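Understanding the architecture of this molecule
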Amino acid sequence: MRGVIVPLVTPFNEDYSIDLASLEEHINYLQKVGVHGIFINATTGEFTSLNYEERKLLAEKGREFVSSAFYLVGTASTNTFEVIELTKHAQDIGADYVVIAPPYYCPLNDDALFKHYSLVAEKTEVPIILYNIPSCANPMSVHLIKRLALEYSNIAGIKETIDSINHVRDVIFEVKSERKDFKVFTGLDQHLLNTLFLGGDGGIMACANFAPELHLEVYKAFEERNFEKAMKYSQKLAKVSKVYDLASSFGSAIKIAMNIRGFSIKPILRPPYIMDGENARERIKQLLASLELVP
């Protein structure tokens, strides 16, 4: 698996129920434009606001709707045994990969995190993508990532949502050098090209919900060794990633941008998140217009 992977938003109706019709429409759109992977129950999908049964339902529906891309399911939780159950469920329905962020809220050291992932890896067979997101969960050190990758063959890669080129460099140089099939993806839109140049495999990036054409142009140009074009579109991605600075949460930023671009997914977040108002919307619209993503 390589390329552009989209961590899906979860569409909601006005009563906060899941809007499955919009979910199917969005997945069909992403497959039509040619993304390489689709990731449900992601951070962008507000998984912490979903209950256990909703997460299983979304995983099952996503498996129905995804046909031409790799299918990834998020199975993170603060409860190790719940992670195991969600991962077994994803495995049973035919997910290609699961994505597991570390436990959050309770501080854990490397040994505790190793135990957490070990229990999951030993009780399941589906390939696991680790998810390092230190702004939201316990951070994963390069030493821990390498230890897990070399110990368990079903730990297949990592999503790095960390604003550090040096950290990503070290994961690529120290882990992929000893395990060639270990995949390294950035979780930040603006780091797609430099991750590819370092030897990584692509990105799992939230702005691809509303502007996947930019991500796909960067990846395609890189694969074709058209570095002038890759640089041009990478600069556009760097600018579009400023959308996160214009709203109170990533979820609000992404859903406002989707709404401005005409997607049917409603600009609704589940509490405790709230949608930003007209001021944020106007700033995001100006950003998209500057990139010619809206008239």
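Residues numbered from 1 in each chain as written. Predicted model: local features only at pLDDT ≥ 70, side-chain atom pairs only at ≥ 80, totals over all residues. Heavy atoms only, no water.

This part is about the pairing of strand 4 (residues 97-100). Neither face of strand 4 is open: one carries Tyr97 and Val99, the other Val98 and Ile100, and all of them are buried. As paired elements, strand 3 (residues 70-74) and strand 4 share three bridges and run parallel to each other. Residue Leu72 lies in a different strand from strand 4, and its bridge partner there is Tyr97. One crossover worth recording links strand 3 to the parallel strand 4 by way of helix 3 (residues 80-93), and it is right-handed. As paired strands, strand 4 and strand 5 (residues 128-132) are joined by three bridges and run parallel to one another. Its bridge partner being in strand 5, Val98 is matched across the sheet by Ile128. Following the chain from strand 4 across helix 4 (residues 110-123) to the adjacent parallel strand 5, one finds a crossover that is right-handed. (Buried < 20%, exposed > 50% of the residue type's maximum accessible area, 1.4 Å probe, protein only. Helix = DSSP H or I, 4+ residues; strand = E, 2+ residues; numbered from the N terminus. Pairing = 2+ DSSP bridges. Right-handed = clockwise from strand over helix to strand, strands pointing away.)

Moving on to the packing of aromatic side chains. Across all of its chains, the model carries eight aromatic pairs by this definition. With a centroid separation of 5.1 Å and an interplanar angle of 75 degrees, the aromatic rings of Tyr29 and Phe263 are classed as edge-to-face. In this pair, Tyr29 sits in helix 1 (residues 20-33) while Phe263 sits in the loop between helix 10 (250-260) and helix 11 (278-290), placing the two residues 234 residues apart along the sequence. On the basis of an interplanar angle of 70 degrees and a centroid distance of 6.2 Å, the ring pair of Phe70 and Tyr97 is categorised as edge-to-face. With Phe70 in strand 3 and Tyr97 in strand 4, the pair connects residues that are 27 residues apart, well separated along the chain. (Phe/Tyr/Trp six-rings, centres within 6.5 Å; stacked < 30°, edge-to-face > 60°.)

This brings us to the sheet that holds strand 6 (residues 155-160). To summarise the sheet geometry, strands pair through backbone hydrogen bonds and adopt either a parallel or an antiparallel arrangement. One closed barrel accounts for eight strands, arranged 1-2-3-4-5-6-7-8; its pairing is parallel. The sheet shows a mean angle of 25 degrees between the axes of neighbouring strands, taken without regard to direction. Against the sheet, helix 5 (residues 142-151) makes contact with strand 5 and strand 6, and its axis sits at roughly 155 degrees relative to strand 6, the strand it touches most. (Axes fitted to C-alpha atoms, helices over the stretch in contact; angles between N-to-C directions. Contact = heavy atoms within 4.5 Å.)

Once that is clear, we can look at helix 5. Side chains that are three or four residues apart share a direction in an α-helix, a result of its 3.6 residues per turn. Listed as buried for helix 5 are Val142, Leu144, Ile145, Leu148 and Ala149. Looking down the long axis of helix 5, one finds its buried residues gathered within 165 degrees of arc, a one-sided arrangement. The outward face of helix 5, more than 90 degrees from its buried face, is lined by the exposed residues His143 and Glu151. (Arc of directions from axis to C-beta.)

Moving on, we get to unusual backbone geometry. A cis amide bond links Pro271 with the next residue in sequence, Pro272, at an omega value of 15 degrees. Among the structural elements, Pro272 can be located in the loop between helix 10 and helix 11. Positive phi, close to 60 degrees, is recorded for Asn41, a residue that is not glycine. Tracing the chain through its elements places Asn41 in the loop between strand 2 (37-40) and helix 2 (52-65). Judged by its relative accessible area of 3%, Asn41 is buried. At Glu292, a residue that is not glycine, the phi angle is positive and equals roughly 60 degrees. Residue position: Glu292 is located in the segment after helix 11. Among the residues examined, Glu292 registers a relative accessible area of 70% and is labelled exposed.

Turning next to the nonpolar core. Counting 88 residues, the largest nonpolar core has Leu130, Leu148, Phe182, Phe210, Val240, Ile284 and Leu288 as its most contacted members. Each residue touching Phe182, except ones within four places of it in the same chain, is listed here: Ile145, Ala149, Ile155, Ala156, Gly157, Ile158, Val171, Val175, Lys176 and Asp201. Counting 17 residues, the second-largest nonpolar core is a separate cluster that includes Tyr97, Ala101, Tyr131 and Ala137. (Core = buried A, V, L, I, M, F, W, Y, C linked by side-chain atoms within 4.5 Å.)

Another point: the side chain of Ser22. Position of Ser22 among the secondary structure elements: in helix 1. Take Ser22: its relative accessible area is 7%, and that puts it in the buried class. In contact with Ser22, other than residues within four places in its own chain, are Pro11, Ser264 and Ile265.

As a further point, take the UniProt feature "binding site: pyruvate" (unreviewed entry) in the chain. UniProt marks Thr44 and Ile204 with the feature "binding site: pyruvate" (unreviewed entry), using the numbering shown here. These annotated residues cover 161 residues of sequence, and their C-alpha atoms all fall within 10.6 Å of one another, placing them together at a single site. Overall, the relative accessible area of 6% leaves Thr44 in the buried class. What makes Ile204 buried here is its relative accessible area of 0%. (UniProt positions renumbered as here; feature names shortened; annotations may be inferred.)

Put simply, helix 5 and helix 6 (residues 165-176) touch, their axes get as near as 10 Å, and they point 30 degrees apart. Classified by the interaxial angle, the pair formed by helix 5 and helix 6 is roughly parallel. Two packed elements cross with a definite hand, and for helix 5 against helix 6 that hand is right-handed. Between helix 5, through Val142, Ile145, Lys146 and Ala149, and helix 6, the contact on the second element is made entirely by His167, Asp170, Val171, Glu174 and Val175. The residue inventory of the contact of helix 5 with helix 6, partitioned by class, reads five nonpolar, one polar and three charged. (Parallel < 35°, antiparallel > 145°, perpendicular 65-115°, else oblique. Left-handed = near helix turned anticlockwise from the far one by under 90°. Nonpolar A, V, L, I, M, F, W, Y, C, P; charged D, E, K, R; others polar.)

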